[in-house]
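Overview (structure and organization)
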Amino acid sequence: MSDGRIAGARYGRLTGALALLALLGIALSSMLGSGGNARGIAPGVRIPPFAAPLALGSLSGDVNIATRSRQGQAGDRPACSVRGAQVLNVCQLYERAPLVLALFIDGGGCADVLRRLQALVPAFPQVGFAAVAIKGETQPVRGLIVSGHLSFPVGLDRDGILVQLFRMATCPQVNFVYPGGVVQAPALLGSSTQAQLRERVTALLAAARARGWKPADR
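Residues numbered from 1 in each chain as written. Predicted model: local features only at pLDDT ≥ 70, side-chain atom pairs only at ≥ 80, totals over all residues. Heavy atoms only, no water.

Moving on, we get to the pairing of strand 6 (residues 173-177). Most of strand 6 sits inside the fold, with five of its five residues counted as buried. Of the two faces of strand 6, the one holding Gln173, Asn175 and Val177 and the one holding Val174 and Phe176 are both buried throughout. Relative to strand 6, strand 3 (residues 99-104) runs antiparallel, the two sharing five bridges. Within strand 6, the residue paired with Val100 across the bridge is Phe176. Bridge count between strand 6 and strand 7 (residues 183-189): four bridges; the pairing is antiparallel. (Buried < 20%, exposed > 50% of the residue type's maximum accessible area, 1.4 Å probe, protein only. Helix = DSSP H or I, 4+ residues; strand = E, 2+ residues; numbered from the N terminus. Pairing = 2+ DSSP bridges.)

If you want it as C-alpha cells, here you go:
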C-alpha cells in the first residue's frame, strides 16, 4: 500500500468490455424488476473477502480479493490483511458485529439505498453499515456521501469484480451478514422501502443474538 494502491490493474481491454456488459445486464435486469438467475450469496455461506479504496480517501487501484499471499491480479496480500484509514475491509467490518453491505451503481435511483441505510444507522448502533460503488467514479460517489450525510464507509470497485463474487443481478443488492462473515438471509434485491430495510436489519440483529453474539462493551 506504500504506492497508494489497493491492488494493481486487473482488467485488459477485453475483460474490461466484459465487465461493462455485465453491468449493462444489471441495469436491464433492474429496469425489468427481475432478479435474473443470480440471487446473491446463499445463506450460510461466508462472503468473499475484499478490501476496497474508500471513496473519501486518496488510494487508487482495483479491489483486493486475494485469499492468500502473492495471488497475482487478485492481490499481493490476503484481502483481510489490507487495512488502514483509507480502506474498506469487509473482514474488519464483520469481525465483531452484524454487517449490512450494499452494492450499488452510483448513477440513477439505485444509489437512493444509501440515504435509506443512513436513516437506520442511529436506530441500530450495534450493526455495521457499509457500501461499495460498482464501477464508481470518485467525485460522483463523494458527492453522494456528502449530500446524504453518510456516516458509514463507502468503497469503490472500479472494475466491477464484486458483481461476479457477490452474484449481483440487480441494483442495489443489500447483503445481511452475521459476525464472522456468514450470510444470514437472502440479499435484498432491487428497490426496497424503508420499512423493508428496517425489518431486515431487525431480523439480522435478532438472529445474531440468537446465535450467541453479544456486542462488545463500549
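In this section: unusual backbone geometry. It is generally the case that most residues other than glycine have a negative phi and that most peptide bonds are trans. The residue after Cys171, namely Pro172, is reached through a cis peptide bond having omega -5°. Mapped onto the fold, Pro172 is located in the loop between helix 5 (161-165) and strand 6. One non-glycine residue, Lys135, adopts positive backbone phi at about 55°. Along the chain, Lys135 turns up in the loop between strand 4 (128-134) and helix 4 (138-147).

Its location among the elements puts Gln194 in helix 6 (residues 194-210). The spatial distance from the C-alpha of Gln194 to the C-alpha of Arg115 is 9.6 Å, given a sequence separation of 79 residues. If we ignore the near neighbours within four places in the chain, the residues touching Gln194 are Arg116, Ala119 and Leu120. A polar contact of 2.8 Å, which involves the side chain of Gln194, links it to the backbone oxygen of Arg116. (Contact = heavy atoms within 4.5 Å. Polar contact = N/O pair within 3.5 Å; in protein donor to acceptor, adjacent residues only side chain to side chain.)

Across all of its chains, the model carries two salt bridges by this definition. For Arg83, the salt bridge identified is with Glu95, shortest N-O distance 2.5 Å. Placement of the pair is Arg83 in the loop between strand 1 (51-53) and strand 2 (87-89) and Glu95 in the loop between helix 2 (90-94) and strand 3, with a sequence separation of twelve residues. Relative accessible area serves as the criterion here: at 42%, Glu95 is assigned to the partly exposed category. (Salt bridge = Lys/Arg side-chain N within 4 Å of Asp/Glu carboxyl O.)

Within the protein, residue pLDDT values average 85, and 82% of them lie at 70 or more. Between residues 12-17, whose pLDDT stays under 50, and residues either more than four places distant or in other chains, the model counts one contact. Across residues 26-37, confidence stays below pLDDT 50; counting only partners more than four residues off in sequence or on other chains, it has 15 contacts. (pLDDT = per-residue confidence, 0-100.)

The subject of this paragraph is the side chain of Gln173. Examined against the element boundaries, Gln173 turns out to sit in strand 6. A polar contact is formed between the side chain of Gln173 and the side chain of Asn175, at a distance of 3.2 Å. When sequence neighbours within four positions are dropped, the list of residues in contact with Gln173 reads Gly40, Leu101, Ala102, Leu103, Phe166, Arg167, Met168, Ala187, Leu188 and Leu189.

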